Amino acid sequence: MASAARRPRGPPGLCWALLGPLGLCCGPAAAATNIVLLLMDDMGWGDLGAFGEPSKETPNLDQMAAEGMLFLDFYTASPLCSPSRAALLTGRLPVRNGFYTTNGHARNAYTPQDIVGGIPDSELLLPELLKKAGYTNKIIGKWHLGHRPQFHPLKHGFDEYYEDFKIDLKTGEANLTQLYLQEALDFISKQQAGQQPFFLYWAIDATHAPVYASKQFLGTSQRGLYGDAVREIDDSVGKILKHLQQLGISESTFVFFTSDNGAALISAPRQGGSNGPFLCGKQTTFEGGMREPAIAWWPGHIPAGGVSHQLGSVMDLFSTSLSLAGLQPPSDRQIDGIDLLRVILQGKLIDRPIFYYRGNELMAVRAGLYKAHYWTWSNSWEEHSKGIDFCPGQSVAGVTTHTQEEHTYLPLLFHLGRDPGEKYQISFGSEEYQRAVEHISGLVQQHKATLVPGQPQLNVCDQAVMNWSPPGCEKLGKCLKAPESDPKKCSWPH
């Protein structure tokens, strides 16, 4: 199994010529850059003031954007939590790293307590590789890459893991965000005191139903409980950034804020957020399900007030983080993430497509400002009749379909600059359509020709693998006997 290789240290002149323009240090005494990834759960593109949310209740995140770089065209790798997180930490599409299902066509799948699969040992995760460069790694919050012992984050490169679940479902009160914040501040302080480079993966879930906020934030937002949760997240991010500044390590710490998928409109407005002008939400491969808020912050390196139209992906955080650590990505596998440092530090644009996958199917592709849909589907009529609506108030005839519609031979084409809401199809007979689809079709052919799908991890469920006897259950007399193993195909309706 190949590991990430260190970038070669050449003569100082050569090193400076390559890395100096990026604001990176050279030579054997170069200090490692700390990495903080702030990953939200089901937070939408339109939930921050910097992205146009009218309540303007995110002053700290807005300030982070003003001091750093705002990414307007940043995407997840899947419109659901588990596959998205697997993609971020491996730099690979879920269809490559195994976080998908073949139990049904184009079905979203995740990791409930009875899932048998999880992140395969064959996958190399970001913390595993950073550890080789001397980093100490901590995850706070949501893991979601498998529950069985072999899938535990401490088995995949993390040195520390902190998670808790206590929520008052009646009031929405929970002190979790404050606990997660204090864990982050303490970890940063400890690593700074020991002059240890660190990777902090702060993956909190306050904006995922059931939404929650601490007592001091309840009732403070114009947006209700969901807004309360966003306000507390904003306050926490502000305190993390201030802590880095007070410790004198802000200029040696790269911070990136984003979300795992679009806002869950099925839970809105009480338990879900906003995807701004975009179509539909979580679970779909329309823009509302896949495009995310994203902010990069690195004082002294990133020019303040930057706005980028680079097509970015959560998978890029894998490659970019390795670059910050002086490491090359593994060479024995296809890595889908790209290194964004030239984008972030120099304002460059890198030509690359975005592939919109839903389960085992490539649903759409974006190249430049054009997006071609090869399949359309929101959810089934059966599920929709039960009140499960991923596109409330946004029905677009022939687009937000409730049957899986194939458009392989005549893709639906949209120009996302003129039409971010995917409402106005470009005419099939137009020269613009022919030119754009010809280009995108070439990208699809190239992608599929080199695609080697991973072994699907989200096909089998078995109640016997659930944690029937958690630590401490003996003292409480709460241990339960596991049932007989009875593996079955997991049911994925969407």
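All values reported here derive from a predicted model rather than from experimental measurement.

## Considering the packing of helix 6 (residues 176-193) against helix 7 (residues 225-246)
Their axes nearest at 10 Å, the elements helix 6 and helix 7 cross at an angle of 10°. Our classification of the angle between helix 6 and helix 7 gives roughly parallel. Across the interface between the two elements, T177, Q178, L181, A184, L185, I188 and S189 of helix 6 pack against E232, S236, K239, I240, H243 and L244 of helix 7. The residue makeup of the contact of helix 6 with helix 7, split by class, is six nonpolar, five polar and two charged.

## Notes on the packing of aromatic side chains
What the rule picks out here adds up to 16 aromatic pairs. Each ring, one from Y162 and one from Y180, has its centre 6.0 Å from the other, and the planes form 85°; the classification is edge-to-face. Residue Y162 is located in strand 4 (residues 160-162), and its partner Y180 is located in helix 6; the two are separated by 18 residues in the primary sequence. Summarising the aromatic geometry, the rings of F428 and Y433 are spaced 5.3 Å apart at their centres and angled 80° between planes, so their arrangement reads as edge-to-face. Here a set of aromatic residues connected by ring pairs shows up, and it is made of F71, F74, F254, F256 and W298.

## Re the pairing of strand 3 (residues 136-141)
Taken across its six residues, strand 3 has six buried, putting it largely inside the fold. Alignment of strand 3 against strand 5 (residues 198-203), held across six bridges, turns out to be parallel. Paired with K138 across the two strands is L200, which belongs to strand 5. One ladder, built from three bridges, connects strand 3 with strand 4; its direction is parallel. Paired with K138 across the strands is E160, a residue of strand 4.

## Remarks on the pattern of salt bridges
Under the counting rule described, the total for this entry stands at 23 salt bridges. Note that D336 and R96 form a salt bridge whose closest N and O atoms lie 2.8 Å from each other. You can see D336 sitting in the loop between helix 9 (316-324) and helix 10 (341-346) and its partner R96 sitting in helix 4 (residues 94-97), a full 240 residues away along the chain. Given a relative accessible area of 15%, D336 falls into the buried group. The partner of E383 in a salt bridge is K386, with the nearest N and O atoms 3.4 Å apart. When its relative accessible area of 56% is taken as the criterion, K386 is described as exposed. A cluster of three or more residues bridged by salt bridges with shared partners is formed by D73, E287, R291, R366, K371 and E422.

## Thoughts on the domain arrangement of the chain
Splitting the chain by domain gives domain 1 (34-352) and domain 2 (361-450). Computed from C-alpha coordinates alone, the two centres of domain 1 and domain 2 are separated by 26 Å. Listed as interface residues are 22 residues of domain 1 and, on the opposing side, 26 residues of domain 2. Here domain 1 is connected to domain 2 by two salt bridges. Between domain 1 and domain 2 we count ten residue pairs in polar contact (both at pLDDT 80 or more) in total. Counted by class, the side of domain 1 that touches domain 2 contains eleven nonpolar, five polar and six charged residues.

## So, the layout of surface pockets
Here the largest pocket is characterised by a volume of approximately 1300 Å³. T111, Q113, H144, H147 and F165 are, among the 46 residues lining the largest pocket, the residues nearest its centre. Of the residues that constitute the lining of the largest pocket, the class distribution is 25 nonpolar, 13 polar and eight charged.

## Thoughts on empty space enclosed by the protein
Over the atoms a probe the size of a water molecule is rolled, and this reveals where empty space is left. Applying the stated criterion across every chain, the model contains two cavities of 30 Å³ or more. Taken as a whole, the largest cavity encloses approximately 70 Å³ of empty space. In terms of lining residues, the largest cavity is bounded by 14 residues, among which S78, P83, P94, F99 and G359 are the most central. Looking at the lining of the largest cavity, the elements with two or more residues in it are helix 4 and strand 10 (354-358). Grouping the amino acids of the lining of the largest cavity by side-chain chemistry returns eight nonpolar, four polar and two charged.

## Some thoughts on the state of the cysteines
Scanning the entire structure with this criterion turns up three disulfides. One disulfide bridge connects C280 with C391, the sulfur atoms lying 2.0 Å from each other. Residues C280 and C391 share a disulfide whose torsion about the S-S bond is about 105°; that sign makes it right-handed. Residue C280 is located in the loop between strand 6 (253-259) and helix 8 (287-290), and its partner C391 is located in the loop between helix 11 (381-384) and strand 14 (405-406); the two are separated by 111 residues in the primary sequence. Here C81 stays unpaired: no disulfide links it, and the sulfur of C461, its closest cysteine neighbor, is 14 Å away.

Parameters at a glance
Residues numbered from 1 in each chain as written. Predicted model: local features only at pLDDT ≥ 70, side-chain atom pairs only at ≥ 80, totals over all residues. Heavy atoms only, no water. Axes fitted to C-alpha atoms, helices over the stretch in contact; angles between N-to-C directions. Helix = DSSP H or I, 4+ residues; strand = E, 2+ residues; numbered from the N terminus. Parallel < 35°, antiparallel > 145°, perpendicular 65-115°, else oblique. Contact = heavy atoms within 4.5 Å. Nonpolar A, V, L, I, M, F, W, Y, C, P; charged D, E, K, R; others polar. Phe/Tyr/Trp six-rings, centres within 6.5 Å; stacked < 30°, edge-to-face > 60°. Buried < 20%, exposed > 50% of the residue type's maximum accessible area, 1.4 Å probe, protein only. Pairing = 2+ DSSP bridges. Salt bridge = Lys/Arg side-chain N within 4 Å of Asp/Glu carboxyl O. Domains from an automatic or database assignment. Polar contact = N/O pair within 3.5 Å; in protein donor to acceptor, adjacent residues only side chain to side chain. 1 Å grid on protein atoms, 1.4 Å probe; cavity = no way out; pocket = protein on both sides within 12 Å on 5 of 7 lines; lining within 4 Å. Points joined across faces, edges and corners; volume = space filled by probe spheres on them. Disulfide = S-S within 2.5 Å.

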